[in-house]
Amino acid sequence: MADQRMTFEQALQAALGLIQEKRYSEALTYVNGVLAVNPGHPDSLCLRGIIDLCENRLNAAANCFRRVLDLVPDHESAQRHLNQIDQRMKEVRSSPYLMDFVHNQAVYMDYPRNIGIETVGRCNADCTFCPHESLDRKFTEMDDDLFEKIIRDLEEIPPTIPINIFPNLVNEPFMDRKIFPRLKKINERLPQAALTIFTNFNVVHRNFFEDLAQIKNIQLFNVSFNAANKEEYESAMKIDFARTVKNLKTLMEKNRKEKFFASPVLLSRVSSPSDLSADGRYADECARLFDTFTAGEDFLAQVKSRTNWLGSLGGDQSNLPNELPCNAWFDINIFCDGTVPHCCMDATGKYSIGDVKTSSVLEIYNDDKFRFMRERLTIREGVHPCNTCSLLQ
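My aim in this report is to walk through the structure given alongside it, one point at a time. Note that the coordinates shown come from a computational prediction; the quantities given were computed from them, not determined experimentally. Counting starts from 1 at the beginning of each chain's written sequence and moves along it residue by residue. The predicted nature of this model means local features are confined to residues of pLDDT at least 70 and side-chain atom pairs, given and counted, to a pLDDT of 80 or more, with totals for whole chains, interfaces and linings taken over all residues. Heavy atoms from the whole structure form the basis of all side-chain values; hydrogens and water molecules are not counted.

1. Quick word on the overall build of the protein
Next, step 1: We count a stretch as a helix when DSSP gives it H or I for four or more residues in a row; a strand needs E for two or more, and each element gets its number in order from the N terminus. Scanning the protein from terminus to terminus reveals 14 helices and nine strands.
Next, step 2: The C-alpha extent of the protein, read off along each of the three principal axes, is 75 × 45 × 40 Å.
Next, step 3: Considering only contacts in the protein between residues 6 or more positions apart, those separated by 24 or more positions represent 71%.
Next, step 4: Surface accessibility follows the Shrake-Rupley procedure with a 1.4 Å probe radius. Residue values consider only the protein chains on display as shielding. For the protein, the accessible surface area stands at approximately 18500 Å², while carbon and sulfur atoms represent 49% of it.
Next, step 5: For the charge count, each Lys or Arg is scored as positive and each Asp or Glu as negative, with His and the chain ends excluded. One atom stands in for each charge, and that atom is NZ of Lys, CZ of Arg, CG of Asp or CD of Glu. The positive charge centre, built from 46 side chains, and the negative charge centre, built from 55, are 3 Å apart in the protein. Contacts are residue-level and defined by heavy atoms, with any inter-residue pair within 4.5 Å sufficient.

Pasting the structure below:
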């Protein structure tokens with residue numbers, strides 16, 4: 001117990017107070033102290049379940065509450081919380097996200113849905129929500145032979161399987177001087193591939209828009225914008241706000257005429273769990289900043305969940321959706337040095353599942369352990385490192 005002089009009741013009261021303050025790890029210390037002395041103490045087990053529930057470990061929480069009910073069948077709190085979990089899981093089973101997962105199981109079991117290809121490691125920004133500056137490969141460029149091998153590997157995907165290619169991961173794609181020839185090669189060799197581009201759009205070379213007009217199948221152009229005011233933008237991203245705004249206005253004006261993209265330019269923001277008011281006003285601020293353009297037609301403002309990049313960054317992240325699987329299990333990502341990380345959030349490759357320099361893309365995608373997740377699992381709670389991640393995509 002945290003303090004041997006405390007009674008069980010005092011320890012549980014201390015734990016309850018800490019739970020109310022959302023200091024769950026400290027509360028768990030008191031609860032585990034009681035359980036170490038009395039493993040069958042029902043109120044301690046119930047509090048352990050409540051802590052698990054607050055941290056979205058639904059299976060673990062349900063097991064605690066069932067154990068309590070085995071000991072005390074009329075335990076009101078355990079039954080109430082177990083009913084909450086049952087109701088939540090019913091909602092999950094009918095959620096659009098899970099329906100997408102089931103669809104992906106049918107189409108993408110053998111072949112990846114999304115393929116991220118990080119052609120350079122460089123980025124001109126230093127965002128507070130991104131681990132780029134700490135990466136060893138941030139000055140690395142993918143060589144032409146490796147890019148060619150990746151495209152050749154992807155040509156093994158049947159042309160009837162629609163795929164999506166992201167020409168970037170933890171980098172700025174337009175820092176690659178060869179990016180447009182590489183996008184053209186994707187167009188020519190993988191005609192079924194749609195392109196999704198994530199960029200801060202702060203770097204635009206002289207012939208950018210002429211080059212952009214030559215690229216086909218850009219389904220989504222996502223600008224990581226994050227704030228529609230100079231102070232917040234430059235604090236978060238460490239790049240010039242005025243230049244990005246100028247580039248965006250030019251892009252939207254030209255897109256009206258030439259239709260580069262299949263959808264409006266997406267202006268994304270990484271959520272601020274500690275300042276939800278900023279998230280709430282983001283769309284309105286974008287609308288005012290780009291008042292000569294039409295929201296929903298020329299651009300769309302969207303707030304996305306914040307992650308800690310599987311522990312690469314400190315600070316808050318959005319709620320962990322542990323009751324759901326992860327649709328990133330149908331994706332494969334390739335760093336500029338050939339490393340294949342566990343997913344797009346594995347920024348350092350700590351949980352790498354292979355290397356395309358020595359294995360084919362499809363061999364890595366169909367590795368038994370990686371395939372098991374998309375074939376057999378319906379929640380991420382028991383899967384590490386997925387159970388530490390707030391990503392929903």
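2. Some words on the environment of Glu155
Next, step 1: Within the secondary structure layout, Glu155 lies in the loop between α7 (144–154) and β2 (163–166).
Next, step 2: By relative accessible area, Glu155 is classed as partly exposed at 37%.
Next, step 3: As a C-alpha pair, Glu155 and Pro191 span 36 residues in sequence and 9.8 Å in three-dimensional space.
Next, step 4: Discounting residues that sit within four places of it in the chain, Glu155 has contacts with Arg189 and Leu190. Three exposure classes are used, based on accessible area relative to the maximum for each residue type with a 1.4 Å probe and protein chains only: buried under 20%, partly exposed in between, and exposed over 50%.

3. Some thoughts on the side chain of Thr244
Next, step 1: Among the structural elements, Thr244 can be located in helix α11 (residues 241–258).
Next, step 2: Definition of a polar contact: a pair of N or O atoms within 3.5 Å, with one able to donate and the other able to accept a hydrogen when the atoms are protein atoms, and with sequence-neighbouring residues admitted only if both atoms are side-chain atoms. A polar contact of 2.7 Å, which involves the side chain of Thr244, links it to the side chain of Tyr233.
Next, step 3: Apart from residues lying up to four places away in sequence, Thr244 is in contact with Asn200, Phe201, Asn202, Phe225 and Tyr233.

4. Details of the packing of helix α1 (residues 8–20) against helix α3 (residues 42–54)
For any two helices packed against each other, the geometry is given by the interaxial angle and the distance between the axes.
Next, step 1: The convention used is that axes are lines fitted to C-alpha atoms, helices contributing only their stretch in contact, and that angles between N-to-C directions extend from 0 to 180 degrees. Relative to each other, α1 and α3 sit at 15°, their axes nearing to 11 Å. With respect to α3, the axis of α1 lies roughly parallel. Crossing handedness for the pair α1 and α3: left-handed. Taking contact as the criterion, the partners of Leu12, Ala15, Leu16 and Ile19 in α1 are, on α3, Asp43, Ser44, Leu47, Ile50, Ile51 and Cys54.
Next, step 2: Think of it as three bins: nonpolar holds Ala, Val, Leu, Ile, Met, Phe, Trp, Tyr, Cys and Pro, charged holds Asp, Glu, Lys and Arg, and polar takes everything else, Gly as well. Its residues assigned to classes, the contact of α1 with α3 comprises eight nonpolar, one polar and one charged. Should an angle fall under 35 degrees it is called roughly parallel, over 145 degrees roughly antiparallel, and 65 to 115 degrees roughly perpendicular, with every other angle called oblique. Handedness of a crossing is defined here by the sense of rotation of the near helix relative to the far one, left-handed for an anticlockwise turn of less than a right angle and right-handed for a clockwise turn.

5. Notes on the state of the cysteines
Next, step 1: Criterion for a disulfide: a pair of cysteine sulfur atoms at a distance within 2.5 Å. Summed over the entire model, instances satisfying the criterion amount to zero disulfides.
Next, step 2: With no disulfide of its own, Cys54 lies 11 Å from the sulfur of Cys46, the closest cysteine sulfur.
Next, step 3: Residue Cys54 is classed as partly exposed on the basis of its relative accessible area of 37%.
Next, step 4: Free cysteine Cys326: the closest other cysteine sulfur is in Cys386, separated by 6.0 Å.

6. Focus: the side chain of Gln192
Next, step 1: With respect to the secondary-structure elements, Gln192 resides in the loop between α8 (179–189) and β3 (193–199).
Next, step 2: Given a relative accessible area of 17%, Gln192 falls into the buried group.
Next, step 3: Once residues lying within four places of it in the same chain are set aside, the contact partners of Gln192 are Ile157, Pro158, Pro159, Ile161, Pro162 and Ile163.

7. Side note on helix α4 (residues 58–71)
Residues that lie three or four places apart on an α-helix share one face, since the helix turns once every 3.6 residues.
Next, step 1: Helices are assigned an expected span. That span is 1.5 Å times one less than the residue count. A rise of 1.5 Å per residue sets the reference length of α4, with its 14 residues, at 20 Å; its end C-alpha atoms lie 20 Å apart and thus fit the reference within 8%.
Next, step 2: Burial in α4 covers these residues: Leu58, Ala61, Ala62, Cys64, Phe65, Val68 and Leu69. Axial view of α4: buried residues confined to an arc of 160°, hence all on one face.
Next, step 3: Tucked inside the fold, the buried residues of α4 contact α3 and α5 (76–93). Regarding the arc, it is the one traced by the directions from the helix axis to the C-beta atoms.

8. Focus on the environment of Phe299
Next, step 1: The residue Phe299 is located in strand β6 (residues 299–304) in this model.
Next, step 2: With a relative accessible area of 2%, Phe299 lands in the buried category.
Next, step 3: Taking C-alpha positions, Phe299 is 17 Å from Val270, a pair spaced 29 residues apart along the chain.
Next, step 4: Each residue touching Phe299, except ones within four places of it in the same chain, is listed here: Met252, Pro264, Val265, Leu267, Cys286, Ala287, Phe290, Phe293 and Thr294.

9. Overview of the pattern of salt bridges
Next, step 1: The rule for a salt bridge is simple: a side-chain nitrogen of Lys or Arg has to be within 4 Å of a carboxyl oxygen of Asp or Glu. Applying the stated criterion across every chain yields a total of 28 salt bridges.
Next, step 2: Residue Arg23 pairs with Glu26 through a salt bridge whose shortest N-O separation is 2.7 Å.
Next, step 3: Residue classification places Arg23 among the partly exposed positions, given a relative accessible area of 35%.
Next, step 4: Across the pair Arg281 and Glu285 runs a salt bridge, and its minimum N-O distance is 3.3 Å. Placement of the pair is Arg281 and Glu285 together in helix α12 (residues 276–289), with a separation of four residues, close to one helical turn.
Next, step 5: The exposure class assigned to Glu285 is buried, which follows from its relative accessible area of 14%.

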